[in-house]
4 protein chains.
Amino acid sequence: MPKINTYTNISDVEKEAKKDYIDRHSPFIHCASSTKAGEKFPVKVKVGNEYAHPDDYDHHIAYVQLFNGDTLLAEARFPAGTLANQKDHVEVDFHIIPTKNLNLTAIAYCTKHGLWQSQEVAVEVE
Amino acid sequence: MPKINTYTNISDVEKEAKKDYIDRHSPFIHCASSTKAGEKFPVKVKVGNEYAHPDDYDHHIAYVQLFNGDTLLAEARFPAGTLANQKDHVEVDFHIIPTKNLNLTAIAYCTKHGLWQSQEVAVEVE
Amino acid sequence: MPKINTYTNISDVEKEAKKDYIDRHSPFIHCASSTKAGEKFPVKVKVGNEYAHPDDYDHHIAYVQLFNGDTLLAEARFPAGTLANQKDHVEVDFHIIPTKNLNLTAIAYCTKHGLWQSQEVAVEVE
Amino acid sequence: MPKINTYTNISDVEKEAKKDYIDRHSPFIHCASSTKAGEKFPVKVKVGNEYAHPDDYDHHIAYVQLFNGDTLLAEARFPAGTLANQKDHVEVDFHIIPTKNLNLTAIAYCTKHGLWQSQEVAVEVE
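Because the structure is a prediction, the values reported are computed rather than measured.

S.K.: So what's going on with the overall build of chain A? Residues and values would help.
M.R.: A tally of regular secondary structure across chain A gives one helix and ten strands. Its helices and strands taken in sequence order, chain A reads β-α-β-β-β-β-β-β-β-β-β from the N to the C terminus. By the compact-globule yardstick of 14 Å for 126 residues, chain A fits well, its C-alpha radius of gyration being 15 Å. On the principal axes, the C-alpha backbone points of chain A span a range of 40 × 35 × 30 Å. With 126 residues in all, chain A has 44% of them scored as buried. Contacts in chain A between residues far apart in sequence, at least 24 positions, make up 63% of those at least 6 positions apart.

S.K.: Please provide a residue-by-residue account of the interface of chain B and chain C, values included.
M.R.: Contacts between the two partners involve 14 residues from chain B, matched on the other side by 14 residues from chain C. Of all the secondary-structure elements, those providing two or more residues to the side of chain B that touches chain C are β6 (71-77), β8 (102-110) and β9 (114-117) of chain B. When residues of the side of chain B that touches chain C are assigned to their parent elements, the largest contribution, three residues, is made by β9 of chain B.

S.K.: Summarise the sheet that holds strand β4 (residues 41-47) of chain C; cite the residues concerned and give the values.
M.R.: Strand order in this open sheet of six strands is β2(C)-β4(C)-β7(C)-β7(D)-β4(D)-β2(D), and the pairing throughout is antiparallel. Single-partner strands in this sheet number two, and they are β2 (27-30) of chain C together with β2 (27-30) of chain D. Across this sheet, the average inter-strand angle for adjacent strands is 20 degrees, counted without regard to direction. Bridge count for β2 of chain D against strand β4 (residues 41-47) of chain D is four bridges, and the pairing is antiparallel. Among the inter-strand pairings, I29 of chain D is bridged to a residue of β4 of chain D, identified as V45 of chain D.

S.K.: Any chance you could break down the sheet that holds strand β7 (residues 91-96) of chain A for me, citing the residues and the numbers?
M.R.: Strands pair in a sheet through their backbones, by hydrogen bonds, and they do so in one of two ways: parallel or antiparallel. Spatial ordering of the open sheet is given by β2(A)-β4(A)-β7(A)-β7(B)-β4(B)-β2(B), a layout of six strands whose pairing is antiparallel. On the outer flanks of this sheet lie β2 (27-30) of chain A together with β2 (27-30) of chain B, each paired with one strand and no other. Each strand axis lies, on average, 20 degrees off the axis of its neighbour in the sheet, ignoring direction.

S.K.: Outline the interface of chain B and chain A, supporting the account with residue identities and numerical values.
M.R.: Quoted interface sizes are often the accessible area lost when the parts come together. Listed by partner, the interface residues are 23 residues for chain B and 23 residues for chain A. Elements that contribute at least two residues to the side of chain B that touches chain A include exactly β6 and β7 (91-96) of chain B. Here the side of chain B that touches chain A is composed, by residue class, of twelve nonpolar, five polar and six charged. As judged from the three bridges shared by strand β6 (residues 71-77) of chain A and β6 of chain B, these two strands associate in the antiparallel manner. When the sheet's bridge partners are listed, E75 of chain A is paired in β6 of chain B with R77 of chain B.

S.K.: Residues and numbers for the relation of the copies chain B and chain C, please.
M.R.: If you rotate chain B by 180 degrees and push it 0.0 Å along the axis, it lands on chain C with an RMSD of 0.0 Å. Both copies are brought into coincidence by an operation consistent with a two-fold rotation axis. Of the C-alpha atoms belonging to chain B, the one lying closest to the rotation axis is found on I4 of chain B, 4.9 Å away. Taken as a fraction of all interface residues of chain B, those also at the interface in chain C reach 100%, which identifies the copy contact as same-surface.

S.K.: Please provide a residue-by-residue account of unusual backbone geometry, values included.
M.R.: With a phi close to 60 degrees, A84 of chain A is a non-glycine residue in the positive phi region. In this structure, A84 of chain A sits in the loop between β6 and β7. Positive phi values are uncommon outside glycine, yet N85 of chain C reaches one of about 60 degrees. Structurally, the position occupied by N85 of chain C is in the loop between β6 (71-77) and β7 (91-96). Overall, N85 of chain C belongs to the partly exposed group, with 16 C-beta atoms counted inside 10 Å.

S.K.: Before we move on, could you go through the pairing of strand β10 (residues 121-125) of chain B and cite the residues and values that matter?
M.R.: Residue and element names in this part refer to chain B. Bridge count for strand β3 (residues 34-35) against β10 is two bridges, and the pairing is parallel. Its bridge partner lying in β10, S34 is registered against E124. One ladder, built from three bridges, connects β8 with β10; its direction is antiparallel. The partner of N103 across the bridge, within β10, is A122.

S.K.: An account of the relation of the copies chain B and chain A is needed here, citing residue identities and associated values.
M.R.: One copy of the chain maps onto the second through a rotation around an axis plus a translation along that axis. It takes a turn of 180 degrees to lay chain B on chain A, together with a shift of 0.0 Å along the axis; the resulting RMSD is 0.0 Å. Taken as a fraction of all interface residues of chain B, those also at the interface in chain A reach 100%, which identifies the copy contact as same-surface.

Thresholds, definitions, all that
Residues numbered from 1 in each chain as written. Chains lettered and ligands numbered in written order. Predicted model: local features only at pLDDT ≥ 70, side-chain atom pairs only at ≥ 80, totals over all residues. Helix = DSSP H or I, 4+ residues; strand = E, 2+ residues; numbered from the N terminus. Rg over C-alpha atoms; globule rule 2.2 N^0.38 Å. Buried ≥ 20, exposed ≤ 12 C-beta atoms within 10 Å, placed from the backbone. Contact = placed C-beta atoms within 7 Å. Pairing = 2+ DSSP bridges. Axes fitted to C-alpha atoms, helices over the stretch in contact; angles between N-to-C directions. Nonpolar A, V, L, I, M, F, W, Y, C, P; charged D, E, K, R; others polar. Least-squares fit on C-alpha atoms with pLDDT ≥ 70 in both.

Following this line, the structure appears as structure tokens:
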């Protein structure tokens, strides 16, 4: 079955190549830590934090998914070339409307290195 | 074959119900009119301008696609419920890297009322 | 806005290169012409009839969609390489359950040559 | 992070409701156990074996994915209603071209009960 790689804090990783490998594949969730129920809430999913991933035809980030617990909230797909075939961060902003506390995870898929999941991000919803 | 409805300026439409029907289904592209080649360029696709669409299980905007001419740049999918089953605007921000002038169109798909395309938006890329 | 190329009977086309171009991009629907309401009904969508399309990283059929009138029934996505990077026909069998007469159209998307739609196929549903 | 439920042989499960729950959500891969490199190879993914899943607007199987090891080969998406809102098996036949031995897994996503993965299926490719 496909392995789902999980983000590890790269400050604990010694080898530069491994730091790069882990970081550039991992999706990161950027959003506020609290919001109000029933209001639009922006959530950015960005792949890679300190290191960027190639956008080559045979090697690119093909999709990202945003889950709340076990529930898919939204997903985005990117054909190769969307980032001009440069090394850069795949990035998308979703705008969801929560009704109660969120427990967000993002998943990214690299056409060469498979599935990667972010750390969980809790959002308090009043 | 599926009809692709095209946005019509609703100020030319007389009946309120028809203005609402056209506007709430049409994707609108929000972005700068010029940018630099090789730089990240945010493009918002938002469905509906003055009127909002339901987010019901049997009636919602299921996906939006962003094209440059005939080429798909990115797409986003939304299960019903992402907007808390409220009437609101499906909205997503893509971040692309252009290399030359863009001629953007967005397409939205409503599970009850089919395919809708935006007006074209030209972006000058220096 | 993206052009949606429509299948033309290639026996009316003179140039061999143009026959190939049209045929290899066009989705063809293969199914029975009648069925019973409430029963599983297989529908094959196959891209190209007499001519096959490349499966190159920078040039492949990325998705096919099956519509009934204006309503999306199902879609399938294929990363490059699924056909071993050989020239061949992208092909998928959906299994739908109709309740009344169908008016099917398929759409295929080529990463270099955009959107293509099939001829309409009517299915009588008793 | 989203839980990925893994198929368990239901003959080991005592409660009827739990057998039904596990079986109707699990994707099953149906294909030959061996094939030739470079030839089209049909792979059916069918959700549920002895028990069928609802196709309700707020509760349906929204997509299935087919992986070979960590690599996505193909995926199919189904809006609610494709199975006439009847309890039945979501089913799709992909046609891939392998070049070496396959180690297939399917993933299914239920809009209420999340991600489910099949047992692995090995295919010998000569």
